[in-house]
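# Examining the three-dimensional arrangement
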Amino acid sequence: AVPVTAKLTGTASSSSFSVAISTTSAVQAYIEYGYSKNSIAGKTTVYKISKGSTQSISIANLKPNSLVYYKVKYAVGVSKNYSSLNTCSVCWVAS
């Protein structure tokens with residue numbers, strides 16, 4: 001089973017949104033994001049999340065009135081082999 005789940009939390013603002021990542025194993029995780037499915041505009045810091053914990057990751061300084069595509073990447077334990085949690089999720093950033 002996949003050791004990570006993620007969901008949008010709260011309401012996206014004009015320039016940011018947050019994703020809560022919950023784990024069933026100790027993982028390292030970060031989020032890649034961009035304005036189209038095939039291009040990455042940036043990525044967050046890598047967070048170490050302990051087993052059974054939830055970490056909220058915020059993405060800020062986004063363009064207002066834009067669709068933002070994001071992908072949660074994770075690696076179990078101290079591995080550097082990152083997997084994608086999902087193909088691509090979309091968040092609308094309103095003005």
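Structural data are supplied above this passage.
For the structure given in this document, a descriptive report is provided here. (Residues numbered from 1 in each chain as written. Predicted model: local features only at pLDDT ≥ 70, side-chain atom pairs only at ≥ 80, totals over all residues. Heavy atoms only, no water.)

## So, the pairing of strand β3 (residues 27–34)
Most of β3 is tucked away, with eight of its eight residues classed as buried. The two faces of β3 match: Val27, Ala29, Ile31 and Tyr33 on one face and Gln28, Tyr30, Glu32 and Gly34 on the other face are all buried. Pairing geometry for β3 and strand β5 (residues 47–49), over three bridges, is antiparallel. Bridge pairing in β5 places valine 27 opposite isoleucine 49. Both β3 and strand β7 (residues 66–76) contribute to a ladder of eight bridges, which runs antiparallel. Each residue of the ladder has a partner; that of isoleucine 31, found in β7, is valine 72. Relative to strand β4 (residues 42–43), β3 runs antiparallel, the two being bridged by two bridges. The residue of β4 that forms the bridge with tyrosine 33 is glycine 42. (Buried < 20%, exposed > 50% of the residue type's maximum accessible area, 1.4 Å probe, protein only. Helix = DSSP H or I, 4+ residues; strand = E, 2+ residues; numbered from the N terminus. Pairing = 2+ DSSP bridges.)

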